[in-house]
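Overview (structure and organization)
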Amino acid sequence: MINFIKSIIISIAFFIIIIFPYKTSSSSLEFHKKISINRDDFVKRSLKSKRTSLNNNFQIIFTCGIDDKKLCDNAQKGFESAGQIITSTISFKNPIIVNASFYDFCKTDNQCSNDNEIVAGGASPAKIITLTDNDGIKRNYPQALVKQLQFERYPDFGPFDISAKFNSEVNYWFEGDNSPIKSDQTDFILIVLHEFIHGLGFVSSWNDFFNFINPQELTPVPSVAIINSGISFNGFIENIFDKYLIFLSSGDSITNITTKINTIVKEKGNFYQSPENFIITFKSSTQYQQSQMMLEIATTPFSLGFLPNNAANNLSNAIILETTLNPFKTGSSLGHVDLKTYANTSDFLMTYIQNSGMTLGDYISISGNYTGGPIGPKLRQVLGTMGYDIKESYFSPFIPSVSLKKVSATTKISNNLDSIIIILPIFLIFNFII
Ligand SMILES: [Zn+2]
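Residues numbered from 1 in each chain as written. Predicted model: local features only at pLDDT ≥ 70, side-chain atom pairs only at ≥ 80, totals over all residues.

1. Focus: the environment of glycine 201
- Examined against the element boundaries, glycine 201 turns out to sit in the loop between helix H6 (188-199) and strand E11 (221-227).
- Classification of glycine 201 as buried rests on a count of 26 C-beta atoms within 10 Å.
- Here the alpha-carbon distance between glycine 201 and proline 125, two residues 76 residues apart in the chain, equals 7.1 Å.
- Leaving out residues up to four positions away in the same chain, glycine 201 has contacts with Pro125, Pro142, Ala144, Leu145, Asn239, Ile240, Phe241 and Met386. (Helix = DSSP H or I, 4+ residues; strand = E, 2+ residues; numbered from the N terminus. Buried ≥ 20, exposed ≤ 12 C-beta atoms within 10 Å, placed from the backbone. Contact = placed C-beta atoms within 7 Å.)

2. Considerations on the nonpolar core
- In this structure, Ile162, Leu193 and Phe196 are the most contacted members of the largest nonpolar core, which totals 98 residues.
- The greatest single-element share of this core, amounting to eight residues, is contributed by H6.
- The contact partners of leucine 193, leaving out residues within four places of it in the chain, are Ala82, Ile85, Leu349 and Pro374. (Core = buried A, V, L, I, M, F, W, Y, C linked by C-beta atoms within 7 Å.)

3. A few points about the sheet that holds strand E16 (residues 319-320)
- The strand order across the open sheet built from three strands is E13-E15-E16, with neighbouring strands paired in antiparallel fashion. Single-partner strands in this sheet number two, and they are strand E13 (245-247) and E16. (Pairing = 2+ DSSP bridges.)

4. Considerations on the packing of helix H7 (residues 255-268) against helix H9 (residues 287-298)
- As a packed pair, H7 and H9 sit with axes 8 Å apart at the nearest point and diverge in direction by 145 degrees. Where H7 crosses over H9, the handedness of that crossing is left-handed. Mapping the contact onto sequence places Ile257, Lys260, Ile261, Thr263 and Ile264 in H7 and Gln287, Gln290, Ser291 and Met294 in H9.
- Here the residues of the contact of H7 with H9 sort into four nonpolar, four polar and one charged. (Axes fitted to C-alpha atoms, helices over the stretch in contact; angles between N-to-C directions. Left-handed = near helix turned anticlockwise from the far one by under 90°. Nonpolar A, V, L, I, M, F, W, Y, C, P; charged D, E, K, R; others polar.)

Put into structure tokens, the structure is as follows:
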């Protein structure tokens, strides 16, 4: 149990993975599965790593674990292109270093596909740093973001900012493939770009850390230290993303709920003989009711939003988060924008489902060819609010392919999209690693 909690604190709140429902499935949500990743694999393959630089501000340290050179080259180019899109949108003061690997998950990690699903891969911050915020509250920051903030003295950094690994056995379509994308193929750049955004910190900490399979309540990440005779519980810690979350009904900050839940530390003290001991105490406390309320809110549509710092407290400017899934889905709920609201808009990128058979260019085309590129206007606000320096104008590093039949009117495009979604049986789902 101690190891369980320890591993949670190290990685869970930020670690993202994607899982494909595989072959034919009519109900994509039934195929969630939680799989852990062995980070040692990055070390094992380090000899084959290649450093490639774009403009030195988003560096991909690429490792390919398969013999198919063409596939390796395609994957490397995909990582690089996603990085170029990001550096065309964000001005990095210090370079972001990505540990990117592409290999056969089944052969190397024994994560094999079954009849229903195949693990596609994912990305996350490689290191999380806890900082005291300007409101006096400690929050977890991804290292990539800490590097962009102004400090007199920086904390110790790890070698990588983002860890990304993708499964070479997935039927990806790559920009530059001679044939158009097929209905069962997924555009590699599209999902790498989505995952890189998570790696930059677009992820909520709110989760059920005591029961991932069947969530009963939600809290930010429990901060626990192992001491000789038991554990020291030091409160629940939000991610920097969570600082800007509000109830859409009232505009009240979610941080107020965190503060209320954390009063348990003063009330019951820090020391517990075991993690189980803490859980029992927490579940019988008055603070626990707040965390139960959070689960209810997080499974009620249009209930939570991200209020960007230029919103002037106008709730209509809040970005609506994904809270339609019930039961709560770890990794899909909260850490994405609302699918129904944003699927056909220029902010499509951070919805939790991506359709196969559609290229990044298709998504951009359908959503009206936003001049700011694949990172939509609201996503820019989120990243800017968290502390990234967003460029005012966007110069596309490349022109993504468009495979859809030509359509002229916007209304017609929407109709076409509906039929496309119905036809395609396979969806891509973004999920957490546990
Ligand atoms: Zn995601």
